[in-house]
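An overview of the molecular structure
Next come the chains, spelled out residue by residue.
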Amino acid sequence: DSGVTQTPKHLITATGQRVTLRCSPRSGDLSVYWYQQSLDQGLQFLIQYYNGEERAKGNILERFSAQQFPDLHSELNLSSLELGDSALYFCASSDQYEQYFGPGTRLTVT
Amino acid sequence: GQQLNQSPQSMFIQEGEDVSMNCTSSSIFNTWLWYKQDPGEGPVLLIALYKAGELTSNGRLTAQFGITRKDSFLNISASIPSDVGIYFCAGQEETSGSRLTFGEGTQLTVNP
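The structure displayed is predicted, hence computed values, not measured ones. (Residues numbered from 1 in each chain as written. Chains lettered and ligands numbered in written order. Predicted model: local features only at pLDDT ≥ 70, side-chain atom pairs only at ≥ 80, totals over all residues. Heavy atoms only, no water.)

**Brief notes about the overall build of chain B**
Secondary structure summary: chain B contains zero helices and eleven strands in total. Written out in order from the N terminus, the α and β elements of chain B read β-β-β-β-β-β-β-β-β-β-β. The C-alpha atoms of chain B give a radius of gyration of 13 Å, which matches the 13 Å a tight globule of 112 residues would have. Its C-alpha atoms put chain B at 45 × 30 × 20 Å along the principal axes. Here chain B displays about 5000 Å² of accessible surface, and carbon together with sulfur accounts for 50% of that area. Side chains of chain B carry 6 positive and 11 negative charges; the gap between the two charge centres is 10 Å. (Helix = DSSP H or I, 4+ residues; strand = E, 2+ residues; numbered from the N terminus. Rg over C-alpha atoms; globule rule 2.2 N^0.38 Å. Areas by Shrake-Rupley, 256 points an atom, 1.4 Å probe, with all protein chains shown as cover. Lys, Arg positive; Asp, Glu negative; His and termini not counted. Charge placed at Lys NZ, Arg CZ, Asp CG, Glu CD.)

Below, the structure written as structure tokens:
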């Protein structure tokens, strides 16, 4: 158990809908990262938050957004969903260099 | 997005054999991390490397940070059935802060 929790485990929704994925980092970790894992793109960095502030952005679509709250949990919001957004979404947290991953949320868009 | 070149893509070995996999990049990395992922689960951190030339072990696993800072390898000795899974290298590029860039993964199958 990495200490990083993610909910929900599975999510099935229709195209055009909006969903929110939630992540709680390890106790004491200030950084939260979001990654997307798809069959054709592998694991790709989306966005990083550090102590409530956006720190870095990767290959994140404009339809996606994230935030980190004062209690350090983070949410990833995905809107206007398309079939191609179906993937595993992972959250990771770190205190410095090592990143610890949560169990992921499997999103299926139908 | 950029990915590291990881090889081999897959390996089929007998229990007890040693395994070696590696990652290369055209960019310089400050940190190399090796993860194992089981189906439907999140990547689990196996080994972290911080300095060029560093050789680190974790049980039957040994990993090295290449001298050029553009490559890393992972060795697994005396493989056992529970070593089955996908192994990923990941690194933090010198110019990209703390985000991780991942390799494509090595699918390891161990036959008892």
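From this point, the discussion proceeds with the structure in view.
**Points about the overall build of chain A**
Scanning chain A from N- to C-terminus turns up zero helices and eleven strands. Its helices and strands in sequence order give chain A the pattern β-β-β-β-β-β-β-β-β-β-β, from N to C terminus. In terms of overall dimensions, chain A is globule-like: its C-alpha atoms have a radius of gyration of 13 Å, near the 13 Å expected for 110 residues. Counting the 110 residues in chain A, one finds 51% classified as buried. For chain A, restricting intrachain contacts to residue pairs at least 6 apart in sequence, the fraction spanning at least 24 positions comes to 52%. Accessible surface, chain A: about 5300 Å² in total, of which carbon and sulfur atoms supply 46%. If you average the places of the 8 positive and of the 12 negative side-chain charges in chain A, the two averages end up 4 Å apart. (Buried < 20%, exposed > 50% of the residue type's maximum accessible area, 1.4 Å probe, protein only. Contact = heavy atoms within 4.5 Å.)

**Describing the side chain of E75(A)**
Residue position: E75(A) is located in strand β8 (residues 74-78). At 4.1 Å, R22(A) is the nearest oppositely charged side chain to E75(A), a buried residue that forms no salt bridge. (Salt bridge = Lys/Arg side-chain N within 4 Å of Asp/Glu carboxyl O.)

**Section: the sheet that holds strand β3 (residues 19-24) of chain B**
All names here are of chain B. Reading across the sheet, the five strands line up as β1-β3-β8-β7-β6 and stay open at both edges, with antiparallel pairing between neighbours. Of all strands in the sheet, those with a lone pairing partner are β1 (5-7) and β6 (55-58), marking the two edges. For this sheet, the mean inter-axis angle between neighbouring strands, taken without regard to orientation, is 15 degrees. Across four bridges, β6 lies against strand β7 (residues 61-65) in antiparallel orientation. Its bridge partner being in β7, S57 is matched across the sheet by T62. (Pairing = 2+ DSSP bridges. Axes fitted to C-alpha atoms, helices over the stretch in contact; angles between N-to-C directions.)

Any functional reading would require information beyond the geometric quantities listed.
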